[in-house]
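Below, each chain spelled out in residue letters.
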Amino acid sequence: MAVSSTQVSVHVKINGQEITKECEVRTLLAYFLREQLGLTGVHVGCDTTSCGACTVLLDGKTAIKSCTVFAPQVDGHELLTVEGLGEADHLHPIQQAFWDCHALQCGYCTPGMELAVLALLQRNPNPTDEEIRFGLSGNLCRCTGYKNIVKAVHQAAEIMNHPSTSQSVTL
Amino acid sequence: MIPAAFDYYRAKSIQEAFFAKQQAGADAKWIAGGHSLLPMMKLRLATPPALIDINEIDGLSGIRLQADGLVIGALTHHAEIAHSEEVVRTWPLLAQAAGLIGDRQVRNRGTIGGNLAHADPASDLPAVALALEATLVAEGPSGRREIPASEFFVGPMTTALSDDELLTQVRFPVPSGKVGSFYCKYPHPASGYAVVGVAAVAQLGPDGKFQAVRVGVTGVGMWAYRAETTEKELVGKLPTQENIASAAQHAVDETDVSQDLFASEQYRTHLAALYTVKALQAAVQAIQ
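In this text the structure is predicted, and so the values were computed from the model without any measurement.

Novice: Explain the environment of I112 of chain B to me, please; I cannot follow it from the model alone.
Specialist: Residues and elements named next belong to chain B. As for its position among the elements, I112 is in helix α7 (residues 112-118). Owing to a relative accessible area of 1%, I112 belongs among the buried residues under this scheme. Along the sequence, I112 and G73 sit 39 residues apart, while their C-alpha atoms lie 7.9 Å from each other. With sequence-adjacent residues up to four places away left out, I112 is seen in contact with I72, G73, A74, T76, H78, I81, L125, V170 and F172.

So, in C-alpha cells, the structure goes:
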C-alpha cells in the first residue's frame, strides 16, 4: 500500500551487508551513506548531478549519482561503494591500476571514478580510448587530467580479463 | 543542498499511485528518475508537498516493437533506449538523442516519460517526439487517453497532462518507405542541455524528391516545436544543399527565440538554421 510519511525506515544491502536505518525522506542518498552509515568514501563534489564524485553502484551494475536520489528510493536494493570494492591490502584491479598508472592526484574524484569504471568494464570489457572517455564523461577530475585515468582503465581491463596472467607491481 | 520537507508515497501499482495522488492533492508530484525534479527541489525552485514514487510499479518499463508502433514504457531509462537494438533499427535518431542526454549516470536514472512530462525547454526528447509524431499515452483515475506529441507541449515546462494523470507509455509509429532520420544538437558545454537541438525525419519519393519532411526543434524557444514552414518549403523539392539551406532559414518561424547568458537571440537563430541543415542532410544520407 502507498503510505505517506516524512520519516521512513530504509533497508538496503550495502557492500554485502544488510542495513536498516531510519531517515527523513528528504535525505539524499549521498548524505545517508556518509553521515548515517559512515561511508565517507562517497564524496560530494558539486551536489548538482555534474561531477560524479558521489557515484555508487546500484544493484551491482548501474552507476548512479547518489546526490540525486533520495535515500528511501533505494529501499530494498543493493549498493556498492568504494568501501566494498577492495581492501587496503587487497586492492581491486581497478584500484591497483589507478595506483600503478598515477590516475589520481588529490583523489577526490577517485571513488566515484572507480565505480563508474567498474560499471563501464562490466558492460564493455575491452573499451577503446574514446569509449572510456565517453563512458566516464559523468565523472570530472580537476587535477590528474584524464590521460592516466584512461591508461588505468586499459590496465584494469587487462587484469580483469586475464586475472591469472597479469601481475601488477607496487613499489 | 537540502530540499524542503515532503511526504513520500511509494506506489506498487498504478491504482496505488492514483490513490496516493488523491490523498496528497493536486500539488503532489510523480517522481521517476527524478533527475530533473530533484535538482529543482534542492534549489527550492520546486517545493512539492508530496512525492509519489512510481519506480517500483511493474509494467511501466520496457521497449516493444509492435504492429502499431515502437512502444516504450514511460519508466524506461535513457541508457536502455540508447542501446536498444529495436530502437536503433526503427528510429536511430531516438537512440542517438537518448544517448546524448547528460552523462551515463544520468541516462541510467532518467526516464523517457519523466523527460517528456517535465518538458524542459532545452530537453532533447521533445524534439524527437514531435518529429516522429509520437503518441503519448496518459492514464488517470477516469481512464486512459492518447495525446499526439503536437498537442502535448503547450508551454514552458507545461504539458497537456492534467494534475491527476500519469504518462505511462510513448508510442512511435514505425517508418515505411524510404525514410531517414537524424538528431543533432549544440550542447551547452557544462550542462549538456541543448542550446539548439534538431530532430529531422526525411522521406523521399520514387522521383527522389522530398515526400515528407518533419523537423522538431528544442532549446530555441520556451518549448519544443515543429518547424512547419521549413517542412512545407521542402516537400516536392530535391534534397539539394541549396534547397535545404534555403528552407532552414525558416527554422525559427514558429517560435519566439530565447536568449540567455549563453546565447543571444541572434546566435540561437543562426544555430537553429545551421543545425536544421545538418540534421536534414544527415537524415537524407541515412536513407537506405
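Novice: I tried to follow helix α1 (residues 29-36) of chain A on my own but got confused; where do I start?
Specialist: In an α-helix there are 3.6 residues to a turn, and that puts residues three or four apart on one side. Residue and element names in this part refer to chain A. For α1, the complete set of buried residues consists of L29, A30, F32 and L33. The elements touched by buried residues of α1 are β1 (7-14), β2 (17-24), β3 (55-58), β4 (62-65) and β5 (78-80). Positioned one or two residues after α1, G38 has a phi angle of 70 degrees, which is positive.

Novice: I would appreciate a short explanation of the packing of helix α2 (residues 93-100) of chain A against helix α5 (residues 147-161) of chain A in the present structure.
Specialist: In a packed pair of helices, the relevant descriptors are the angle between the two axes and the axis-to-axis distance. Residues and elements named next belong to chain A. Viewed as axis vectors pointing N to C, α2 and α5 meet at an angle of 140 degrees, and their least axial separation amounts to 8 Å. The orientation of α2 with respect to α5, classified from their angle, is oblique. Classified by chirality, the crossing of α5 by α2 is right-handed. Here P93, I94, Q96, A97, F98 and D100 of α2 come into contact with α5, specifically with I149, A152, Q155, A156, I159 and M160.

Novice: Help me out: how do you make sense of the pairing of strand β3 (residues 50-53) of chain B in this one?
Specialist: Within a regular beta strand, the side chains point alternately toward one face of the sheet and then the other, so they alternate between its two faces. Residue and element names in this part refer to chain B. Along β3, one buried face is formed by A50 and I52 and the opposite face, lined by L51 and D53, is buried too. Where strand β1 (residues 7-10) and β3 come together, four bridges link them in parallel fashion. Across the sheet, the residue bridging to Y9 is I52, located in β3. Relative to β3, strand β2 (residues 29-31) runs parallel, the two sharing three bridges. Bridge pairing links I31 to D53 in β3.

Novice: I'm lost on the state of the cysteines in this one. Help?
Specialist: All names here are of chain A. This model, assessed by the stated rule, comprises zero disulfides over all chains. Free of any disulfide, C51 has its nearest cysteine sulfur in C46, 3.8 Å distant. Judged by relative accessible area, which is 12%, C51 ranks as buried.

Novice: Sorry, what's going on with unusual backbone geometry here?
Specialist: Leaving glycine out, the prevailing phi sign among residues is negative, and the prevailing peptide bond configuration is trans. Residues and elements named next belong to chain A. Of note, the phi angle at H102 is positive, near 55 degrees, even though the residue is not glycine. Assignment of secondary structure puts H102 in the loop between α2 and α3 (110-123). Overall, H102 belongs to the exposed group, its relative accessible area being 56%.

Conventions used here
Residues numbered from 1 in each chain as written. Chains lettered and ligands numbered in written order. Predicted model: local features only at pLDDT ≥ 70, side-chain atom pairs only at ≥ 80, totals over all residues. Heavy atoms only, no water. Helix = DSSP H or I, 4+ residues; strand = E, 2+ residues; numbered from the N terminus. Buried < 20%, exposed > 50% of the residue type's maximum accessible area, 1.4 Å probe, protein only. Contact = heavy atoms within 4.5 Å. Axes fitted to C-alpha atoms, helices over the stretch in contact; angles between N-to-C directions. Parallel < 35°, antiparallel > 145°, perpendicular 65-115°, else oblique. Left-handed = near helix turned anticlockwise from the far one by under 90°. Pairing = 2+ DSSP bridges. Disulfide = S-S within 2.5 Å.

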